[in-house]
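Okay, here's what each chain looks like letter by letter:
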Amino acid sequence: FKKTTRQNEIMLWFIGLGISGISELSDNTRNVIKNAEVVYLESFTSPISESEKDQLREISNGEFKIAKRWLVEDGNEILENAKNKNTVLVSYGDPYIATTHLELKTRATNDKIETRTIHSSSIVSSLIGEVGLHYYKVGKVLTIMNDPKSMITPYNTIFDNLLWKTHSMILLEYNEDKSFFLDPKDALSLLLDAEKIQKRAVISEETFAIVASRIGKDNQKIISGKISNLIKKEFGESPHSIIIPGRLHFT
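Keep in mind it's a predicted model, so treat the numbers as computed, not measured. (Residues numbered from 1 in each chain as written. Predicted model: local features only at pLDDT ≥ 70, side-chain atom pairs only at ≥ 80, totals over all residues. Heavy atoms only, no water.)

This brings us to the overall build of the protein chain. Within the protein chain one finds 9 helices and 12 strands. A compact globule built from 251 residues should have a C-alpha radius of gyration of about 18 Å, and the protein chain, at 20 Å, falls within 12% of that. Along the first, second and third principal axes, the C-alpha set of the protein chain runs to 55 × 35 × 35 Å. The buried share among the 251 residues of the protein chain stands at 49%. For the protein chain, restricting intrachain contacts to residue pairs at least 6 apart in sequence, the fraction spanning at least 24 positions comes to 74%. By element, 49% of the accessible surface of the protein chain is carried by carbon and sulfur atoms, the whole surface being about 12900 Å². The protein chain carries 32 positive and 33 negative side-chain charges, and their two centres are separated by 5 Å. (Helix = DSSP H or I, 4+ residues; strand = E, 2+ residues; numbered from the N terminus. Rg over C-alpha atoms; globule rule 2.2 N^0.38 Å. Buried < 20%, exposed > 50% of the residue type's maximum accessible area, 1.4 Å probe, protein only. Contact = heavy atoms within 4.5 Å. Areas by Shrake-Rupley, 256 points an atom, 1.4 Å probe, with all protein chains shown as cover. Lys, Arg positive; Asp, Glu negative; His and termini not counted. Charge placed at Lys NZ, Arg CZ, Asp CG, Glu CD.)

Attention shifts here to the packing of aromatic side chains. Evaluation of the coordinates by the stated rule reveals 2 aromatic pairs. Summarising the aromatic geometry, the rings of Y174 and F181 are spaced 5.9 Å apart at their centres and angled 35° between planes, so their arrangement reads as tilted. Its relative accessible area of 19% is what places Y174 among the buried residues. Over the face of the ring belonging to F159 we find R200, whose NZ or CZ atom lies 4.8 Å from the ring centre. (Phe/Tyr/Trp six-rings, centres within 6.5 Å; stacked < 30°, edge-to-face > 60°. Lys NZ or Arg CZ within 6 Å of the ring centre and 35° of its normal.)

Summarising the element assignment, D94 is placed in the loop between β4 (87-91) and α5 (99-110). Buried within the structure, D94 lacks any salt-bridge partner; its nearest side chain of opposite charge belongs to K105, at an N-O separation of 11 Å. In contact with D94, other than residues within four places in its own chain, are H119, S120, S121 and S122. (Salt bridge = Lys/Arg side-chain N within 4 Å of Asp/Glu carboxyl O.)

What follows covers the environment of D160. Note on placement: D160 falls in helix α7 (residues 152-163). Given the relative accessible area of 40%, D160 is considered partly exposed. Remark: the alpha-carbon pair of D160 and V202, spanning 42 residues in sequence, is separated by 9.6 Å.

What follows deals with the pattern of salt bridges. Evaluated as defined, the whole model comprises 12 salt bridges. Residue K217 is joined to E52 by a salt bridge in which the shortest nitrogen-to-oxygen separation is 3.6 Å. In this pair, K217 sits in the loop between β10 (208-213) and β11 (221-226) while E52 sits in helix α2 (residues 50-59), placing the two residues 165 residues apart along the sequence. A residue is classified by how much of its surface remains accessible, and K217, at 28% relative accessible area, is partly exposed.

Side chains that are three or four residues apart share a direction in an α-helix, a result of its 3.6 residues per turn. Between the first and last C-alpha of helix α8 (residues 184-198) there are 21 Å, a value that for 15 residues agrees with the 21 Å anticipated at 1.5 Å per step. Taken residue by residue, α8 has P184, K185, A187, L188, L190, L191, L192, A194 and E195 as its buried positions. Looking at the buried positions of α8, the neighbouring elements they touch are β6 (142-144), α7, β7 (168-172), β10, α9 (227-230) and β12 (240-244). Where α8 begins, one side-chain oxygen reaches toward the backbone nitrogen of K185, 3.0 Å away; that side chain belongs to D183. Looking one or two residues beyond α8, the residue adopting positive phi is K199, at roughly 55°. (Expected span 1.5 Å × (residues − 1). Polar contact = N/O pair within 3.5 Å; in protein donor to acceptor, adjacent residues only side chain to side chain.)

Quick look at the structure:
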């Protein structure tokens, strides 16, 4: 992003807040948000505090709206505004980690709407470095939902990653409408239950795992150990992620 960018043109901006939120925004990024006629804050990929919503609202001179999942997935309102107004979509992490945002960018391009992007840090890359693992050894990223019937896919993904000796990064379900974030110990219990059904020796209470909470925040915490011990822990407020390491490098 260069200072020479013409910020008052009609276009659709995709802006990432990074993993630390509002505090990561540069002066140039703040100016883009300040000069926008419509600012959407996407609120469904990660929890965002009321204080941070208020801070972003104060930066915005234009119309400020909280964008729930359905609004971004539908996309029509955002795209219609972007045809006539300088429009911004703000999200946590990096904008294109969420496939919903990438689809919206594609639709905007097809509609001849100019798009610009301000990238930022993402949990997908930051988490691995914080726990001391090597990013090039990360396998397919997976999500665990609070539904035993949906566990076959994450179970199989962990199995495949272990075959390739790569680390399994596990994201946990977040439901903004119900203010629900799946607790790590419940996610680990779901994996143990899936093992009882699948019986492929992928997961056990002896499996070593890492639970990372609130990465990028002042109160971040990283706890590792056997699953038998982790399912007894309290991890505090969300967001949380889990890593099941594959083959470790000697460092």
